[in-house]
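Here is what each chain is made of, one letter per residue.
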Amino acid sequence: MLLAAAIAYAAPAAAQVDGSLGVGAGTVRYPGGTSFGSAILSPGVRYTSEALVADFSSSIASLPGGEWAGLGLADLSAVTAPSAGGRQLGVEAIFAGTTRTGAGPTGAAHAVGELRWSAATWGGALAAGPSTGLISGELPVTALHTRARLWWRPGEAVTSPTVQLSVEPTHFPDGWFTDASAGATFERGRAVVSLWTVARFSSTYASSAAGSVYLQLFVTPRVSLELGGGSSLSEPYQGLPRAGFVTFGVRFHKSPRPPVTAGPQWAPLVPEPRGDSMVVRFSMPDARAVAIAGDWNAWQPVRLRPLGDDVWEGTLVLRRGLYHFNLQVDGSDWVVPNGVATVPDGLGGMVAVLVVP
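Residues numbered from 1 in each chain as written. Predicted model: local features only at pLDDT ≥ 70, side-chain atom pairs only at ≥ 80, totals over all residues. Heavy atoms only, no water.

(A) The overall build of the protein, seen in detail. Summing up its helical and strand segments, the protein has 0 helices and 24 strands in all. When the 357 residues of the protein are sorted by exposure, 43% land in the buried category. A separation threshold of at least 6 residues defines the contact pool for the protein, and within that pool the share at least 24 residues apart is 53%. Here the protein displays about 17200 Å² of accessible surface, and carbon together with sulfur accounts for 63% of that area. (Helix = DSSP H or I, 4+ residues; strand = E, 2+ residues; numbered from the N terminus. Buried < 20%, exposed > 50% of the residue type's maximum accessible area, 1.4 Å probe, protein only. Contact = heavy atoms within 4.5 Å. Areas by Shrake-Rupley, 256 points an atom, 1.4 Å probe, with all protein chains shown as cover.)

Below you can see the structure in the form of structure tokens.
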């Protein structure tokens, strides 16, 4: 589905730009059918910060008969009103389009407002907004798109699977249809495996189901082999048919993938109890100001108190559980405190681990 969102379990410590370039072959879908693309070039760029995630990707494929097909996708997700307790008000916009020699272009646009809840190992969201599409140059179709989704990581280990569930009722002019999907992502050493299944239910449109599996194997920190296959549902906004697919290739990454280990190098930070609160202290030489931000408060920096001798102290009110955090120094630099266990944030950076017993 175009509106399936990538879920991050911790905000990045600082703004990051990551790019990649894929070269391979596979099935190409366009209005009216599918073809096997013998050469597919697919560049992509991702920008991530505390308040914005932006994905830009495209591909161009060589088809039989000397034809070419192109696809472009832009996915923007912004947090507009973060609040305490892990609640966030977000806005998501997605734009997609295809071209093919001998057929008219297609396009689709989606925009939703979303209320999100997040904790250390789980999250949920409710969203609604308009969607529209252009099928081979014809008059656009419009729809009301709604969505409810949940995601969680059952265990505390870095290698625990990430699980996602979503239900997406959509109202087209002729009636309703609902897509229900479930997926899981596993990381084991150099391999990342994603499984996805989706079913469409409708009394107006034909009900159907689809599923897919993807494997990404990092042969070096900057080079990965990719293999995928399965089937996809029809896409009514651009008139794309239901079809099976297979794809394979190699992808070159601008930023190296951080190593995934079974456990941290150091112990997690355990705060000191003080009445109903928890106290943390950090040594930060030459710092003029230090703040702490974590997934318990939607990654909003809270200033720490200077105690002298380069020691900074903060008081937190947290329930028992596992949390992630980083420190902001002098209002701009994000750092991971020395000697504290860290885990990948899923976006190319690292975050520190805090455990409230």
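Alright, that's what it looks like, and here's the rest.
(B) Structural context of the packing of aromatic side chains. Tallying each qualifying case throughout the model produces 5 aromatic pairs. Ring geometry for Phe 172 versus Phe 177: centroids 5.7 Å apart, planes at 35°, classification tilted. The burial state of Phe 172 is the same as that of Phe 177; both residues are buried. With a centroid separation of 5.3 Å and an interplanar angle of 50°, the aromatic rings of Phe 172 and Tyr 237 are classed as tilted. Within this pair, whereas Phe 172 is found in strand β9 (residues 162–172), its partner Tyr 237 is found in the loop between β13 (223–232) and β14 (243–253), the two being separated by 65 residues in sequence. Taking the relative accessible area as the measure of exposure, Tyr 237 reaches 4% and is therefore buried. (Phe/Tyr/Trp six-rings, centres within 6.5 Å; stacked < 30°, edge-to-face > 60°.)

(C) Broad picture of the nonpolar core. Ranked by size, the top nonpolar core spans 21 residues in total, and within it Phe 282, Ile 292, Phe 325, Leu 327 and Leu 354 carry the most contacts. In terms of residue count, strand β21 (residues 321–329) provides more of this core than any other element does, 4 residues in total. (Core = buried A, V, L, I, M, F, W, Y, C linked by side-chain atoms within 4.5 Å.)

(D) Quick peek at the confidence of the model for the protein. When pLDDT is averaged along the protein, the result is 81, and 83% of the positions lie at 70 or above. Taken element by element, the protein is modelled with least confidence in strand β23 (residues 342–344), mean pLDDT 80, and with most confidence in β13, mean pLDDT 94. (pLDDT = per-residue confidence, 0-100.)

(E) Representation of the side chain of Ser 131 in the model. Along the chain, Ser 131 falls in strand β7 (residues 122–134). Residue classification places Ser 131 among the buried positions, given a relative accessible area of 2%. One polar contact links Ser 131 to His 110, side chain to side chain, over a distance of 2.8 Å. (Polar contact = N/O pair within 3.5 Å; in protein donor to acceptor, adjacent residues only side chain to side chain.)

(F) Representation of unusual backbone geometry. Even without a glycine there, the phi angle at Asp 286 is positive, about 65°. Within the element layout of this structure, Asp 286 appears in the loop between β16 (277–283) and β17 (290–294). With relative accessibility at 71%, the residue Asp 286 sits in the exposed group. With a phi angle near 60°, Trp 299 is a residue other than glycine that sits in the positive phi range. Looking at the secondary structure, you find Trp 299 in the loop between β17 and β18 (302–303).

(G) Region of interest: the pairing of β13. Bridge analysis of strand β12 (residues 208–220) against β13 gives 8 bridges, and the strand direction is antiparallel. Across the sheet, Gln 216 pairs through a bridge with Glu 226, a residue of β13. Counting the residues that bridge the hairpin from β12 to β13 gives 2 residues. Sheet topology places β13 next to β14; 10 bridges connect them, and they run antiparallel. Considered in β14, the bridge of Ser 232 is made with Ala 243. (Pairing = 2+ DSSP bridges.)

(H) Structural view of a nonpolar patch on the surface. Side chains of Phe 36, Leu 215, Leu 217, Val 219, Leu 225, Leu 227, Val 246 and Phe 248 sit close together on the surface and give an oily, nonpolar patch of about 640 Å² of accessible area. Of all elements in the fold, only β12, β13 and β14 reach the threshold of two or more residues within the nonpolar patch. When residues in the nonpolar patch are grouped by element, the largest group, 3 residues, is from β12. Within the secondary structure, Leu 225 sits in strand β13. (Patch = residues over 30% accessible without salt bridge, like charges linked within 9 Å, V, L, I, M, F, W, Y side chains within 5 Å. Salt bridge = Lys/Arg side-chain N within 4 Å of Asp/Glu carboxyl O.)

(I) How the structure looks around the sheet that holds β16. Pairing is antiparallel across the open sheet formed by 4 strands, whose spatial order is β15-β16-β20-β19. With one partner strand each, in any of the chains shown, β15 (272–274) and β19 (305–308) form the two edges of the open sheet. With strand direction ignored, the average angle separating the axes of adjacent strands in the sheet is 35°. In this sheet, strand β20 (residues 311–316) lies alongside β19 in antiparallel orientation, the contact comprising 3 bridges. The residue of β20 that forms the bridge with Pro 306 is Trp 312. (Axes fitted to C-alpha atoms, helices over the stretch in contact; angles between N-to-C directions.)

(J) Inspection of the pattern of salt bridges at higher detail. In total, this model carries 11 salt bridges according to the counting rule given. Among the ionic pairs, Arg 281 bridges to Glu 313, the shortest N-O distance being 2.9 Å. Linking Arg 281 in strand β16 with Glu 313 in strand β20, this pair joins segments that are 32 residues apart in sequence. Overall, the relative accessible area of 38% leaves Arg 281 in the partly exposed class. Residue classification places Glu 313 among the buried positions, given a relative accessible area of 6%. Among the salt bridges present, the one from Asp 330 reaches Arg 288, with a minimum N-O distance of 3.9 Å. A residue pair is termed long-range when its members are at least 10 positions apart, and Asp 330 in the loop between β21 and β22 (333–335) and Arg 288 in the loop between β16 and β17 qualify at 42 residues.

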